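What follows is the residue order along each chain.
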Amino acid sequence: MTDETWRDDDPFKTLVLEHLQGVAVDQTITRSAQESRSPEEEETAARVHTLPRIMLNGTADEGDFARIESLGEGGIGVIELARQRSVGRDVAIKRVRDASSPGAAATLLEEGHIMGLLEHPSIVPVFALGRDDNNQPVLVMKRIEGSTWRTLLRDPGHRAWERITEDRLDFNLRVLCRVADVAHFAHGRQWLHRDIKP
């Protein structure tokens, strides 16, 4: 799908169906710098180290991505808008929010791997999975503009509703069918999403 497809006047195409996300990690559990890593954390660190290095905010000669602004935060990560210099496009970059959070890097690696394997119109495309200068995983994805279904459900007066000409019930049922379709697609490839919500 081209960027133009996502920016046309069809409000359904600009509706963001929230992509597959890992299970949130308990943010109250942190490890001190003196504690050693578990075998699972050592394995994750080794996996991250094999990923290509993605330089953020480097000079044009050093890195391909320049951060622009923060787009939001989730259970384990932060998502930032960045400019990919080599192709002149905006991308979304997801990084681990707290590197000391147990399992966060492994969860982001798994999320990037699964999203990269599942090519579907309702799953945000992954452009790259790499590591930053701190050896933390970085997920580079297509930047999707629009409003989330959750936002529209919670705000009947949202300005995005002005562009939707069909009956709201019909629209919501159509979105729900798209969510069910992508869940069925993932399940058919042996991937189970454990946290589907509007």
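Since the model is a prediction, treat every value here as computed from it, not as a measurement. (Residues numbered from 1 in each chain as written. Predicted model: local features only at pLDDT ≥ 70, side-chain atom pairs only at ≥ 80, totals over all residues. Heavy atoms only, no water.)

Chemist: Teacher, can you tell me more about the packing of aromatic side chains here?
Modeler: Here a ring pair, both rings aromatic, is described through the centre-centre distance and the interplanar angle of the planes. What the rule picks out here adds up to 1 aromatic pair. One cation-aromatic arrangement involves Arg89 over Phe127; the distance from NZ or CZ to the ring centre is 3.7 Å. Just above the ring of Trp161 sits the side chain of Arg168; from NZ or CZ to the centre is 4.2 Å. (Phe/Tyr/Trp six-rings, centres within 6.5 Å; stacked < 30°, edge-to-face > 60°. Lys NZ or Arg CZ within 6 Å of the ring centre and 35° of its normal.)

Chemist: Even after reading the chapter, I still don't get the sheet that holds strand 5 (residues 137–142), so can you show me in this structure?
Modeler: Across a sheet, strands are paired by hydrogen bonds formed along the backbone, either parallel or antiparallel in direction. Read across the sheet, 5 strands follow the order 1-2-3-5-4 without closing on themselves; strand pairing throughout is antiparallel. Edge positions in the sheet fall to strand 1 (65–73) and strand 4 (126–131), since each of these pairs with one other strand and no more. Strand-to-strand twist of the sheet, defined as the mean angle between neighbouring strand axes without regard to direction, takes the value 25°. One ladder, built from 5 bridges, connects strand 3 (residues 89–96) with strand 5; its direction is antiparallel. Along strand 5, the bridge assignment pairs Lys94 with Leu139. Its contacts with the sheet place helix 3 (residues 104–117) against strand 3, strand 4 and strand 5, and it is angled at close to 35° to strand 5. (Pairing = 2+ DSSP bridges. Helix = DSSP H or I, 4+ residues; strand = E, 2+ residues; numbered from the N terminus. Axes fitted to C-alpha atoms, helices over the stretch in contact; angles between N-to-C directions. Contact = heavy atoms within 4.5 Å.)

Chemist: What is the right way to read helix 3 from this model?
Modeler: Taking 1.5 Å as the rise per residue, helix 3 with 14 residues should run 20 Å; its terminal C-alpha atoms sit 20 Å apart, in good agreement. Among the residues of helix 3, those classed as buried are Ala104, Ala105, Thr107, Leu108, Leu109, Glu111, Gly112, Ile114 and Met115. In this fold, the buried residues of helix 3 make contact with helix 2 (39–49), strand 3, strand 4 and strand 5. (Expected span 1.5 Å × (residues − 1). Buried < 20%, exposed > 50% of the residue type's maximum accessible area, 1.4 Å probe, protein only.)

Such coordinate-based values are descriptive only and should not be taken to indicate function.
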